[in-house]
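Working through the structure, step by step
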Amino acid sequence: MAETALVSIRRAVPADAPALSRLLQDLVAAGKRSVRSDEEFVLTHYVQNPEGVCCFVAEDADGTLLGLQSMKRTLEGNAYGTPGGWGFIGTHVSPKAARRGVGAGLFRATREAALRAGVPAIEAYIGAANSEGQGYYEAMGFRTWRTPDGSVCKRYDLDL
Ligand SMILES: CC(C)(COP(=O)(O)OP(=O)(O)OC[C@H]1O[C@@H](n2cnc3c(N)ncnc32)[C@H](O)[C@@H]1OP(=O)(O)O)[C@@H](O)C(=O)NCCC(=O)NCCS
């Protein structure tokens, strides 16, 4: 697809925070996100998360940011019930860029980073009503392995 060829993937930097905050606010306006989307949240939870393994952005040819994917390494006894030492992934693609392969491009980069970091498996924690999130992760090769209270957890096992 021509549009996809113009999208590049690179590591997020702190200067991306204002644009990423706007992207997340667009998802809130579209009814696809309900948690904080301010610049400080972007920095502490995604770009500069102390537990972070990687944080990639997808960028259009003109520098417009189209998506964000972050992965942190879980601690033992974390609030999500995810096994310790796993990757924990989050994906956020602008509603204006949906279904153009942005999410797929981001996961190619994250998967490589997970392999390099020696992460044995990655978990995606998705709302039970979020069919697009479930469809996306399923297409990336994730599979449902537990369904805690109103959520669907899918895992992706790395061949280490
Ligand atoms: C889910 C999300 C990350 C998908 O990103 P995207 O860039 O549109 O995904 P891609 O274009 O790379 O799609 C890759 C594949 O995922 C699947 N997929 C993507 N969107 C889907 C949808 N709405 N319904 C079902 N399957 C979907 C398809 O198999 C798709 O391949 P295809 O287009 O060739 O059929 C994006 O819609 C998003 O950010 N949604 C809001 C936040 C969210 O739900 N995040 C994830 C759960 S926490």
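Anything mentioned here points back to the structure above.
Just so you know, these numbers come straight off a predicted model, no measurement behind them. (Residues numbered from 1 in each chain as written. Predicted model: local features only at pLDDT ≥ 70, side-chain atom pairs only at ≥ 80, totals over all residues. Heavy atoms only, no water.)

1. A look at the pairing of strand β2 (residues 52-59)
- Taken across its 8 residues, β2 has 6 buried, putting it largely inside the fold.
- Taken together, the 4 bridges between strand β1 (residues 8-11) and β2 define a ladder with antiparallel strand orientation. By the bridge assignment for β2, Arg11 is matched with Phe56.
- Two strands pair when backbone bridges link them, and β2 and strand β3 (residues 65-73) are joined in this way by 7 bridges, in the antiparallel orientation. Paired with Cys55 across the two strands is Ser70, which belongs to β3. (Buried < 20%, exposed > 50% of the residue type's maximum accessible area, 1.4 Å probe, protein only. Helix = DSSP H or I, 4+ residues; strand = E, 2+ residues; numbered from the N terminus. Pairing = 2+ DSSP bridges.)

2. Considering unusual backbone geometry
- A positive phi angle, near 65°, is found at Arg99, a position not held by glycine.
- Its place among the elements puts Arg99 in the loop between β4 (87-93) and α4 (102-117).

3. A look at helix α2 (residues 17-29)
- With 13 residues, α2 should cover 18 Å at 1.5 Å per step; its first-to-last C-alpha distance of 18 Å lies within 8% of that length.
- All of the buried residues along α2 are Ala17, Leu20, Ser21, Leu23, Leu24 and Leu27. Angular distribution of buried residues about the axis of α2 spans 160°; they occupy a single face of the element. Projecting away from the buried face of α2 at angles above 90 degrees are the exposed residues Arg22 and Ala29.
- Where α2 is buried, its residues touch α3 (39-47), β2, β3 and β4.
- A positive phi of about 75° marks Gly31, the residue just after α2. (Expected span 1.5 Å × (residues − 1). Arc of directions from axis to C-beta. Contact = heavy atoms within 4.5 Å.)

4. Notes on the packing of aromatic side chains
- Using the criterion set out here, one finds 10 aromatic pairs in the structure.
- A cation over a ring is seen here: Arg155 above Trp145, with NZ or CZ 4.9 Å from the ring centre. (Phe/Tyr/Trp six-rings, centres within 6.5 Å; stacked < 30°, edge-to-face > 60°. Lys NZ or Arg CZ within 6 Å of the ring centre and 35° of its normal.)

5. Let's talk about the site of the ligand
- Taken together, 19 residues sit near the ligand, with Val93, Arg99, Gly101, Gly103 and Asn130 positioned nearest.
- Here a nitrogen atom of the ligand and a backbone polar atom of Thr91 are 2.9 Å apart.
- Taken by itself the ligand offers 910 Å² of open surface, and the protein chains cover 74% of this.
- When contributions to the shell around the ligand are tallied by element, the ones reaching two or more residues are β4, α4 and α5 (131-139).
- Among the elements that line the shell around the ligand, the one with the most residues is α5, at 6 residues. (Near = heavy atom within 4 Å. Polar contact = N/O pair within 3.5 Å; in protein donor to acceptor, adjacent residues only side chain to side chain. Areas by Shrake-Rupley, 256 points an atom, 1.4 Å probe, with all protein chains shown as cover.)

6. Focus on the pattern of salt bridges
- According to the stated counting rule, one finds 12 salt bridges in the structure shown.
- Close ionic contact of Asp60 with Arg100 constitutes a salt bridge, the shortest N to O distance being 4.0 Å. Of this pair, Asp60 sits in the loop between β2 and β3 while Arg100 is found in the loop between β4 and α4, placing the two residues 40 residues apart along the sequence. Like Asp60, the residue Arg100 is buried in the burial classification.
- Between Arg111 and Glu112 there is a salt bridge whose closest N-O contact spans 3.8 Å.
- On the basis of relative accessible area, Arg111 is assigned to the partly exposed category, the value being 25%.
- The class for Glu112 is partly exposed, based on a relative accessible area of 39%.
- One network of salt bridges, in which partners are shared, links Arg10, Asp16 and Glu59. (Salt bridge = Lys/Arg side-chain N within 4 Å of Asp/Glu carboxyl O.)

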